[in-house]
Amino acid sequence: METHFVIPSETYAEKARQLLERYRYRFRMQKITAASGCAFHFRVNAPAAAVFALLNAGGIPYQTN
């Protein structure tokens, strides 16, 4: 199962990367251009509930499509 989300800031994207690595999730992070500027698209090989719970606990804002 793959979970997709976007983080609209480089600072929070770095925090998300560190969290995902700490919990040993396999993921891909790609810099994209959004309407508000640069953003980061994540693809994580894990259930959405687990990933979003981790991001919420870390106080990391994200957007889903």
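As shown above, the structure is provided for reference.
Keep in mind that what you see is a predicted model, and the values were worked out from it rather than measured.

Chemist: Tell me what's going on with the pattern of salt bridges, and back it up with residues and numbers.
Modeler: Applying the stated rule across the entire model yields 3 salt bridges. Between glutamate 14 and arginine 17 there is a salt bridge whose closest N-O contact spans 2.3 Å. Here glutamate 14 and its partner arginine 17 are both found in helix α1 (residues 10-22), 3 residues apart, which amounts to about one turn of the helix. Residue glutamate 21 is joined to arginine 17 by a salt bridge in which the shortest nitrogen-to-oxygen separation is 2.7 Å. Of the two residues, glutamate 21 and arginine 17 both sit in helix α1, 4 residues apart, roughly one turn of that helix.

Chemist: How would you sum up the packing of aromatic side chains? Please name residues and give values.
Modeler: Overall, the coordinates contain 5 aromatic pairs when judged by the stated rule. Between phenylalanine 5 and tyrosine 62, the aromatic rings sit 6.2 Å apart at their centres with planes inclined by 70 degrees, giving edge-to-face as the arrangement. Here tyrosine 62 lies in the segment after α2 (48-57) and phenylalanine 5 lies in strand β1 (residues 3-7), a separation of 57 residues in the sequence. Overall, the relative accessible area of 1% leaves phenylalanine 5 in the buried class. Residue classification places tyrosine 62 among the partly exposed residues on the basis of a relative accessible area of 24%. Arranged with centres 4.7 Å apart and planes meeting at 10 degrees, the rings of phenylalanine 52 and tyrosine 62 form a pair that is stacked.

The rules behind the values
Residues numbered from 1 in each chain as written. Predicted model: local features only at pLDDT ≥ 70, side-chain atom pairs only at ≥ 80, totals over all residues. Heavy atoms only, no water. Salt bridge = Lys/Arg side-chain N within 4 Å of Asp/Glu carboxyl O. Helix = DSSP H or I, 4+ residues; strand = E, 2+ residues; numbered from the N terminus. Phe/Tyr/Trp six-rings, centres within 6.5 Å; stacked < 30°, edge-to-face > 60°. Buried < 20%, exposed > 50% of the residue type's maximum accessible area, 1.4 Å probe, protein only.

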